[in-house]
Amino acid sequence: MKRMITVTINGEEQELAVEPYRSLLDTLRVEAGLTGSKKGCNVGDCGACTVILDGRPVNSCLVLAAEVDNCDVRTIEGLQHAPDRVHALQDNFMQYGAAQCGFCTPGILIMGKALLDENPDPTEDEIRFALAGNICRCTGYTKIIEAIRHTARQLAEERQGVES
Amino acid sequence: MSSVPERILPEFVPGARTAHRALAHESAVGHVTGGATYTDDIPEPRNLLHAWVRLSDRAHAGITRLDVEACRQAPGVVAVMTHDDLKAATDVGPVAPGDLVFADGEVTYWGQALFAVAADSIDSARRAAMLAEVKYEEREAILDIRQALERDAAVSPVRTIVQGDPEGAIRGSAHRIRGQLAIGGQDHFYLEGQVAMAVPQEGGDMLVYSSTQHPSEVQHLVAGVLGLPDHAVVVEARRLGGGFGGKETQAAHIAAIAAVLAQQAGRPVKLRLDRDDDMILTGKRHDFLVKYEAGFDPDGRLEGVDFMLASRCGISPDLSDAINDRAMYHADNAYYLPNVRIVSHRCRTNTVSNTAFRGFGGPQGMMAIEYVLDEVARYLGRDPLDVRKTNLYGVEERNLTPYGQVVEDNILPRLFEQVERSADYAARRRAVDAFNRENPVLRKGIAITPVKFGISFTTTHLNQGGALVLVYTDGSVQLNHGGIEMGQGLYTKVAQLVAEEFGIALDRVRVTATTTGKVPNTSATAASAGSDLNGAAAVEACRKIKGRLRDFAAGRFGIAGESLRFEADALHAGEQRLCSFAELCKQAHLGRIQLSDTGFYATPDIHVDKDTMRGKPFYYFAYGIACAEVVVDSLTGEYRVLRADVIHDCGQSLNPAVDMGQVEGGFIQGMGWLTTEELYWDDRGRLMTHAPSTYKIPVASDVPDDFRVELASWSRNRAAAVRRSKAVGEPPLMLGISVFHALKDAIASLAPKGCSVHLDAPATPERVLLAMERLRRATDPAAAGEPVEEDAES
Ligand code: FES
Ligand code: FES
């Protein structure tokens, strides 16, 4: 039997009817029509489905939609500031060539965002550790790590600019 | 959306505006915003059904009963297809038959497709599929290479390459060793799993969206199972979330299942394999067993080598012949083998049919010779680097391959020199040795290994590509070609080439989804040949259109056609700008000039004698070199890669940013293959490592602490490949072999000089530990290199 949940997705409150066993990932992709979050393994091992749930990164394939009633969810579709203005992380992923096939990219960007929210100045090791649950089969990670590091530096400079 | 940014990287060809530049991937914006559409993201048509495939749970058995009645009656089920329900072809073997859509009275591997269900949701389909009654009568199964060799089970006949007199040369050598090496397989783990959506069209036609590297073959095989001519099936693929060879032939099976269900139901059907099923049902890289005997002089110079390469092909031929051919063609890697015999066994086993994987057998062949050279060095107590350099192909002499092709473009000596310098090899070798003298527990190892990879499909007729270029009257261009974009940047590179030809900005060129309806009869995007073939075809199409535009403009402006140039979005004569490209197109259209054309390219100058395997299978070679350093905990076998230095040859790179990505990613994927990625089948033939939880793919924390990658920007392709670039898809994978040998080097530090160091791949921490344990026990230098007794010399 379906039940109704109220969930805020990328700042927009939505009412969705979901089966009790439906995952948040499927709900996002099908019911909410947001296909940016990817299904790589469906068992919590690849990170392609990472979204931010109430401020924390989760594998949305492991979360039941029924659990997110009254929660706040941020997906890749909500990362950019405006339709024509991408987040610095997104910009740097493009600049550095951090996406090849791009299938892991939404999950990694969201993980990167969650990392920088929690730790604005991560070391390279901290980035590697934060990403250890996100598989990328194409890039070898180097460009991803560089892009996240560079974003952290940029955002720090911006913050300093605002302060001074 | 902002236009794609350009990363600052060295400019390869200063004159070029678009080609050779480090431009971002054509889908970069889509990738980072989530807007890039993959097959599973295509808006689902009304009435879409979802499919589930029931897999066998025996490796080899007769099917005494398969009753799917309960599935048909289950809620939500619209169609069930078994072998007996198929109306036309029942086999989707790409080259030779052997790959059944559904099992026919017998299962021949664990995980074989028995039947499929289409229902209104995945859950209904899955539940229904479990309701079937299946009864087996177990039969004896051949599960691995050794069993297959014992029983002469093969998917195709043994092949042999011989050059010189290997037996005599080995017998006459001052030193001899022999031994064997097992090399594991590899799962592709493309992040986007296998998926297809089949949508019935009017008149019984079928449109199939397929995550495939080979749309033309999917078209042909789907048409076969539907009982339709090829023209009634269209296959389309805009982009793949990774392929790596795993979607070269395997995608056809998935598409065929979706298509027969769709035909049966008269409704669209999507089949998106669950990851575990994907890993169980679809083929992987071939695992190999290598036996070798080698004779060499006191400097370690190989005089004779005898190789036996046996691979596990699984239940059917699939592409195994070509893959094993390529393994044979790479058993020399970078080294001159004057007297050599390479015998290749293509073993048939009751396991999933192994298939293409980046490198296509080449990596396994290279592992064989690199292993032998390392063992030669261990035997002589010398630095493996010296032995490798001693055996390197010469530039003017000592340059004949075992298969009769002369290596005409050898840049290996320069690559060795360059990496030794940039990686500071000599000093680090001393530091590693000093470290090992002082540390009883932690051990370091360092190794340099080269790559020489032959470019071209070894099946000569596959070396062709096609393109369709449409110029519109506003001067914008739509480009379509036979290649598949799977993350390797092919669409970007071909678009760059087209923009360069017309002298227009890259954003004036739009690449559209690859479809059999636009460019027909294409080859798979494989063998690293994507940009060579499709790029050259697109350039040819552009040149035809330019020729007509030039003639038209020559008449219009009264200027000799040869002096007209297309650059900076305009037509120029000398210094003079005549008109914008858009204006030219508009005028030409009014002048009734055809603004579109097709292009075609066939690689020249290659040929192979099918029987002897001799000839010139490769148009050219791509080269690379890597130096890796590791530290190993000798009590646990755990290790880290401390540093890797890579120099890779892309000729005049068409896009250095894209190529760097290929090199870095290839290295890590190759490293994964030889270190942590272990496929394990139990004694009933069941794959036990069918999810990333048990199958260990490198993650960010496994990347070398210090990873330095360079392109050999000085290299030019001597062959006339498109803009003197070189193929880059596969070769870098084999740079990962350096990590395996660095581990072997660290292990060797535990033993006195002269000891053989046995290590199978993948060198998991467990294997590394066991290898170390073996050496700790065996301190007798006489056991070195398993020498042939009577000739053993110190
Ligand atoms: S799809 Fe959720 S972790 Fe892989
Ligand atoms: S870019 Fe393909 S998996 Fe990461």
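What counts and what doesn't
- For every chain, the first residue of its written sequence is number 1, and the numbers climb from 1 along that sequence.
- Chains and ligands are labelled by the order in which they are written, letters from A for the one and numbers from 1 for the other.
- Since the coordinates come from a predicted model, pLDDT governs what is reported: local features require at least 70, and pairs of side-chain atoms require 80 or more to be given and counted, while whole-chain, interface and lining totals use all residues.
- We count a stretch as a helix when DSSP gives it H or I for four or more residues in a row; a strand needs E for two or more, and each element gets its number in order from the N terminus.
- Residues with at least 20 neighbouring C-beta atoms inside 10 Å of their own are called buried, those with 12 or fewer are called exposed, and the rest are partly exposed, where every C-beta is derived from the backbone.
- Here contacts are defined at the residue level, using C-beta atoms placed from the backbone and a cut-off of 7 Å between them.
- The pairing criterion for strands is at least two bridges between them, as found by DSSP.
- Axes, fitted as lines to C-alpha atoms, cover a helix only where it is in contact. Angles between the N-to-C directions of the axes lie from 0 to 180 degrees.
- Note that the domain bounds were set by an automatic or database domain assignment.
- Classification convention: Asp, Glu, Lys, Arg as charged; Ala, Val, Leu, Ile, Met, Phe, Trp, Tyr, Cys, Pro as nonpolar; all other residues, Gly among them, as polar.
- For the purposes of this analysis, a nonpolar core is taken to be any set of buried Ala, Val, Leu, Ile, Met, Phe, Trp, Tyr and Cys residues that are connected through C-beta atoms within 7 Å.
- The predictor reports its confidence for every residue as pLDDT, a score running from 0 up to 100.
- In this description, one arc is meant: the one made by directions from the helix axis to the C-beta atoms.

(A) Focus on the overall build of chain B. In terms of regular secondary structure, chain B is built from 19 helices and 29 strands. Dimensions of chain B, computed from the C-alpha atoms along their principal axes, are close to 85 × 75 × 45 Å. Burial status across chain B gives 62% buried among its 794 residues. When contacts within chain B are restricted to residue pairs at least 6 apart in sequence, long-range pairs at least 24 apart make up 80% of them.

(B) Quick look at the overall build of chain A. From N to C terminus, chain A includes five helices and five strands. Along its sequence from the N terminus, chain A presents helices and strands in the succession β-β-α-β-β-β-α-α-α-α. Viewed in the frame of its principal axes, chain A has a C-alpha envelope of about 55 × 35 × 25 Å. Put simply, of all contacts in chain A between residues at least 6 apart along the chain, 58% involve residues at least 24 apart.

(C) Local environment of the interface of chain A and chain B. Across the contact, 43 residues belong to chain A and 46 residues belong to chain B. Contributing elements (two or more residues each) for the side of chain A that touches chain B: α2 (88-96), α3 (105-118), α4 (124-130) and α5 (142-163) of chain A. A total of five residues in the side of chain A that touches chain B trace back to one element, the largest contributor, which is α2 of chain A.

(D) Just the sheet that holds strand β9 (residues 195-200) of chain B, in detail. All names here are of chain B. In spatial order, the strands read β3-β5-β1-β12-β9-β10-β11-β20; together these eight strands make up an open sheet with mixed pairing. Looking at the sheet topology across the chains shown, the edges are occupied by β3 (77-82) and β20 (514-515). In the packing of helix α3 (residues 122-129) onto the sheet, contacts are made with β1 (49-55), β3 and β5 (113-119), and the angle to β1 comes to roughly 30°. Seen against the sheet, helix α7 (residues 250-265) touches β1, β3, β5, β9, β10 (206-210) and β12 (269-272) and runs at an angle of roughly 30° to β9.

(E) Geometry of the domain arrangement of chain A. All names here are of chain A. When the domains of chain A are assigned, the result is domain 1 (3-78) and domain 2 (88-163). Spacing between the C-alpha centres of domain 1 and domain 2 amounts to 22 Å. The interface is formed by 14 residues belonging to domain 1 together with 13 residues belonging to domain 2. Counting only elements with at least two residues in the side of domain 1 that touches domain 2, the list comes to β3 (50-53) and β4 (56-59). Class assignment of the residues belonging to the side of domain 1 that touches domain 2 gives a composition of seven nonpolar, five polar and two charged.

(F) Up close: the nonpolar core. Residue and element names in this part refer to chain B. Membership of the largest hydrophobic core comes to 323 residues, with the highest contact counts inside it found for Ala51 and Ala258. Sort the elements by how many residues they give to this core and α7 lands first, with twelve residues. Those residues in contact with Ala258 that sit more than four places away from it in its chain are Ala51, Ala196, Met197, Ala198, Val208, Val269, Lys270 and Leu271.

(G) Local environment of the sheet that holds strand β14 (residues 302-314) of chain B. All names here are of chain B. Strand order in the open sheet formed by five strands is β7-β15-β14-β13-β8, with mixed pairing between adjacent strands. Two strands bound the open sheet, and with one partner strand each, they are β7 (154-163) and β8 (175-183). Neighbour-to-neighbour, the strand axes of the sheet open up by a mean angle of 10°, direction not taken into account. Pairing analysis gives nine bridges linking β8 to strand β13 (residues 288-296), with the strands arranged antiparallel. Bridge assignment links Arg176 to a residue of β13, and that residue is Gly295. Against the sheet, helix α9 (residues 320-329) makes contact with β7, β14 and β15 (340-348), and its axis sits at roughly 155° relative to β15, the strand it touches most.

(H) Structural detail: unusual backbone geometry. All names here are of chain B. A cis amide bond links Ala761 with the next residue in sequence, Pro762, at an omega value of 0°. Inspection of the secondary structure puts Pro762 in the loop between α18 (737-748) and α19 (765-777). Despite not being glycine, Asp424 has its phi angle at roughly 55°, a positive value. When you line up the elements, Asp424 lands in the loop between α12 (412-422) and α13 (425-438). Residue class for Asp424 comes out partly exposed when judged on the 14 C-beta atoms lying within 10 Å of it.

(I) Broad picture of the confidence of the model for chain B. Residue and element names in this part refer to chain B. Here chain B shows a mean pLDDT of 95. Residues at 70 or above account for 96%. Note on residues 1-12: pLDDT is under 50 here. Beyond four places in sequence and across chains, it has 33 contacts. Overall, residues 787-794 carries pLDDT values under 50, and its contacts beyond four positions in sequence, including any with other chains, amount to ten contacts. Model confidence for the complex: the whole-complex pTM is 0.96, and ipTM, which rates the interface, is 0.98.

(J) Examining the pairing of β13 of chain B more closely. All names here are of chain B. Within β13, eight of the nine residues are buried, leaving the element largely enclosed by the surrounding structure. Pairing of β13 with β14 involves nine bridges; the strand directions are antiparallel. When the sheet's bridge partners are listed, Ala294 is paired in β14 with Val305. In this structure, the hairpin formed by β13 and β14 is closed by a connection of five residues, where Gly300 is found at a positive phi of approximately 90°.

(K) Representation of the pairing of strand β17 (residues 464-471) of chain B within the structure. Residues and elements named next belong to chain B. With seven of eight residues buried, β17 lies mostly within the body of the structure. Sheet topology note: the β17/strand β24 (residues 596-602) ladder contains seven bridges and is antiparallel. Each bridged residue has a counterpart across the sheet, and for Gly466 the counterpart in β24 is Phe600. Where β17 lies against strand β18 (residues 477-481), five bridges are found, and the strand directions are antiparallel. Pairing of Leu470 across the sheet is with Gln478, part of β18. Counted between consecutive antiparallel strands, the loop separating β17 from β18 contains five residues, among which Gly475 sits at a positive phi close to 85°.

(L) Spatial organisation of α3 of chain B. Residue and element names in this part refer to chain B. Along α3, the residues classified as buried are Ser124, Ala125, Ala128 and Ala129. With its buried residues spanning 130° around the axis, α3 presents them on a single face. Turning to α3, the residues buried within the fold contact β1, α2 (69-73), β3 and β5.

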